[in-house]
Amino acid sequence: MPHRLAPLLTPRSIALVGASTKPGSQGNNMVRELKKGGFKGKVYAVNPNYDEVEGIPCFPSLADLPEPVELVSLGVATHRIEEQLTAAAAIGAKAAVVFASGYLAEDPERTLLGRVAAIARAADMRVCGGNCMGFNNLARGINVAAFETPDWLEPGNITLITHSGTLYGEIVNIDRRLRYNLTVSSGQELVTTADEYLDFALDEPSTRVVGLFLEQIRDPAAFIAALEKAAARDIPVVALKVGRTAEAARLAVTHSGARVGDDRAYQAVFDRHGVIRVASTHELAATLILFSGPRRVAAGGLAAILDSGGVRGMLLDRAADEGVPIAHINEATKAKLAARLEEGLDAVNPVDAWGTGRDFEAVFTDCMIALAEDPDTALVAFVGDIAWADTLTSGYPKNCTDTLARTDKPVLAVNDMGRGGNATSTMLSKAGVPLIDGTDMALKAVRHAFAYRDRRKRAPVATPAPVPAIVRERWSARLAGKHALDATETLALVADYGVTSGAAPADGVAMHLSIERDADFGPILRIAAGGEVGRVLDEAVTLLAPCDETEARRAVGTLRARRLFDDRPGALDSLAGAIARLSRVALDLGDRLERLEATILVGSAGVEASAAWVARRGGS
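All figures in this text were calculated on a predicted structure; none of them were measured in a lab.

## Structural notes on the overall build of the chain
Next up, step 1: Across its full length, the chain holds 21 helices and 25 strands.
Next up, step 2: Taken over the C-alpha atoms alone, the chain extends approximately 90 × 80 × 40 Å along its principal axes.
Next up, step 3: Across the 620 residues in the chain, those meeting the buried criterion constitute 56%.
Next up, step 4: Taking the contacts inside the chain whose residues are at least 6 apart along the sequence as the reference set, 71% of them involve residues at least 24 apart.
Next up, step 5: Accessible surface for the chain amounts to roughly 25,200 Å². Of this, 52% is attributable to carbon and sulfur atoms.
Next up, step 6: Across the chain, 68 positive and 78 negative side-chain charges occur, with their mean positions spaced 3 Å apart.

Structure below.
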């Protein structure tokens, strides 16, 4: 059965409204881009001023077309969007692309956007935009865009879905190492949202990794369903989510109408569903480059070869900062390295393999293969400057490709200072050796690859065991009649969920737990150190509720406050169990619970609640 976005992203016929013969205009770009992609279906231009545009027959209006079309591309000014989308609905079109923003000076309340969306929904039309760059379905040769794209774009295995049109242009049109099967500039998402594009991409056989640039998720439930689908199909999702600060969130609303939501809730969703979160476009690009390679990382750590002892030291320092484990090579591997390295070079990982330069190409390849064959090597990286490509280092790309041919492990090339984008980097990418610029970005990408690998081994989060039905019903009824529960009542509630109050455990650590309801994703848990320690550390970790003990233990382990439990055997396990049991409250009280706050004292002998209160959700 065709995907619901098939009329939009894989149409059989297209009408280009506003097509023009004027070079460089939006209307002309729209025609040229579609022709460049090699679209095989029916194409009609629509403009009363022409009989044909770039060899395509042109008609005065959509109503004058000789047959209905599936997709209408609207390369018209904002004030004409409404009439043209109405005309598209009248001829039975099932999809549209709207490039214009929908903002008019005479429409300060932006009612036009609502009217356009209503027209599309009434006609059951899928809409890309408004205020978008369109899309390039490179895997299927369908470019619906009003802006020029490079002639060198060719199909690959990365899907990119972005709310930012500028980022779309930057990341798609600049670097040849990033090769896409599908790129979508979703814009304002008047009708069709990011989760739908993600769902479509996951059905495409050419998709190996998906990159997202997000301001807001407009359908949270559908987005989570798409993430579950990605996990089931082992397709990594890499997200750059903006709006962490209040000012960024405010400007997102004025820019595209996006309400960016609580960043803590987004982080909890990403953690639960294995989304790889990045902080910059450079990190996004580096991570997509690595995941788009032909091989996934194996078990173990990073093995690397360099031509500099100084750079090796820096690599080790930065790997420690990023939490990237270094492979512990065995004695057999060390012996292989020692047999090829010149006098004075250590047979260790990472390997500084540069001596006098004698037979360096063979030495580097043999050492890289020895590293790759070690059982604790997850991937082997060449770290240097391949883009430099002088007479000494011109053999480095061959070291990488020869190693790739003689091992089943992934091989990564890293430009420490140089920039890719040249013929060498493109050649390596096509040969199956990802090339990343900058050691820092490479290490971040490797960390993400290791984290994705390790997360695949986790068991699904289990729902905590239920309390007796009579307990659940009693508290639900009691909360229904009150705006809040006082401290005594809340301590009784907490006790019914397995955390009693009383004398504090000997040498107990105060931890603060809150459950609150996020507008997008429902109940979330926030865990932090309590008391003065919490004020000094000023840190917290957030989870979706409910959670299980394993997830709670892992979350607490990310806090600096975890060190408070080092000399308290069993305390961390007790805390994790308490967190999981209390997280069940969010499930049982459902929409009636607005917020729960609890302070838990944790010691070797167990946990006890020392303070708590509950607020009821207004109107529930």
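Read on, since the account is not over.
## Let's talk about the packing of aromatic side chains
Next up, step 1: Evaluated as defined, the whole model comprises 10 aromatic pairs.
Next up, step 2: Between W354 and F364, the aromatic rings sit 6.4 Å apart at their centres with planes inclined by 55 degrees, giving tilted as the arrangement. Placement of the pair is W354 in the loop between β16 (351–352) and α13 (360–373) and F364 in helix α13, with a sequence separation of 10 residues.
Next up, step 3: W354 sits in the partly exposed class, given a relative accessible area of 22%.

## Points about the sheet that holds strand β20 (residues 484–485)
Next up, step 1: An order of β20-β25-β24-β21-β22-β23 is seen for the 6 strands of this open sheet, with the pairing classed as antiparallel. Edge strands, defined here as strands with exactly one partner in the open sheet, are β20 and β23 (541–544).
Next up, step 2: In this sheet, strand β25 (residues 606–616) lies alongside strand β24 (residues 593–603) in antiparallel orientation, the contact comprising 10 bridges. Within β25, the position partnered with L593 by the bridge is R616.
Next up, step 3: Each of β21 (509–518), β22 (522–529) and β23 is contacted by helix α9 (residues 263–273), which is oriented at about 65 degrees to β23, the strand it contacts most.
Next up, step 4: Sitting on the sheet, helix α21 (residues 571–589) touches β21, β22, β24 and β25, and the angle it makes with β24 is about 165 degrees.

## Some remarks on the packing of helix α11 (residues 309–322) against helix α16 (residues 439–455)
Next up, step 1: Closest axis-to-axis distance for the α11/α16 pair is 10 Å, and the angle between their directions is 45 degrees. Taken together, α11 and α16 sit at an angle that is classed as oblique. As for the relative orientation of α11 and α16, their crossing is right-handed in sense. Only T439, D440, L443, K444 and R447 of α16 make contact with α11, whose side of the interface consists of M314, L315, R318, A319 and E322.
Next up, step 2: Classifying every residue of the contact of α11 with α16 gives 4 nonpolar, 1 polar and 5 charged.

## Section: the pairing of strand β13 (residues 237–241)
The side chains of a regular strand alternate between both faces of the sheet.
Next up, step 1: Of all 5 residues making up β13, 5 are buried, and the element is well covered by its neighbours.
Next up, step 2: Here β13 shows two buried faces, one formed by V237, A239 and K241 and the other by V238 and L240.
Next up, step 3: A crossover links strand β12 (residues 209–214) with its parallel partner β13, the connecting element being helix α7 (residues 220–232), and its sense is right-handed.

## Comments concerning the nonpolar core
Next up, step 1: Counting 54 residues, the largest nonpolar core has L8, V97, F135, L198 and F223 as its most contacted members.
Next up, step 2: Excluding its chain neighbours within four sequence positions, the residues that come into contact with V97 are L8, L71, V72, S73, L74, C128, C132, G134, F135 and V144.

## Some remarks on the sheet that holds strand β17 (residues 377–384)
Next up, step 1: The strand order across the open sheet formed by 5 strands is β16-β15-β17-β18-β19, and the pairing between neighbours is parallel. Unpaired on one side and paired on the other, β16 and β19 (435–437) mark the two borders of the sheet.
Next up, step 2: Inspection of the sheet shows β17 paired to strand β18 (residues 411–415) by 5 bridges, in the parallel sense. Each bridged residue has a counterpart across the sheet, and for G384 the counterpart in β18 is N415.
Next up, step 3: Seen against the sheet, helix α14 (residues 396–405) touches β17 and β18 and runs at an angle of roughly 165 degrees to β18.

## Quick word on unusual backbone geometry
Next up, step 1: Here the amide bond leading from G129 into G130 is cis, since omega sits at 0 degrees, within 30 degrees of zero.
Next up, step 2: Summarising the element assignment, G130 is placed in the loop between β7 (126–129) and β8 (134–137).
Next up, step 3: The peptide bond linking A545 to P546 adopts the cis configuration, its omega dihedral lying at 0 degrees.
Next up, step 4: The backbone phi angle of E54 is positive, close to 55 degrees, even though this residue is not glycine.
Next up, step 5: Along the chain, E54 turns up in the loop between β3 (52–53) and β4 (56–59).
Next up, step 6: For E54, a relative accessible area of 27% corresponds to the partly exposed category.
Next up, step 7: Positive phi, close to 60 degrees, is recorded for R110, a residue that is not glycine.
Next up, step 8: Secondary-structure assignment places R110 in the loop between β6 (95–98) and α4 (111–122).
Next up, step 9: Of the residues examined, R110 reaches a relative accessible area of 34% and is grouped as partly exposed.

Definitions and cut-offs
Residues numbered from 1 in each chain as written. Predicted model: local features only at pLDDT ≥ 70, side-chain atom pairs only at ≥ 80, totals over all residues. Heavy atoms only, no water. Helix = DSSP H or I, 4+ residues; strand = E, 2+ residues; numbered from the N terminus. Buried < 20%, exposed > 50% of the residue type's maximum accessible area, 1.4 Å probe, protein only. Contact = heavy atoms within 4.5 Å. Areas by Shrake-Rupley, 256 points an atom, 1.4 Å probe, with all protein chains shown as cover. Lys, Arg positive; Asp, Glu negative; His and termini not counted. Charge placed at Lys NZ, Arg CZ, Asp CG, Glu CD. Phe/Tyr/Trp six-rings, centres within 6.5 Å; stacked < 30°, edge-to-face > 60°. Pairing = 2+ DSSP bridges. Axes fitted to C-alpha atoms, helices over the stretch in contact; angles between N-to-C directions. Parallel < 35°, antiparallel > 145°, perpendicular 65-115°, else oblique. Left-handed = near helix turned anticlockwise from the far one by under 90°. Nonpolar A, V, L, I, M, F, W, Y, C, P; charged D, E, K, R; others polar. Right-handed = clockwise from strand over helix to strand, strands pointing away. Core = buried A, V, L, I, M, F, W, Y, C linked by side-chain atoms within 4.5 Å.

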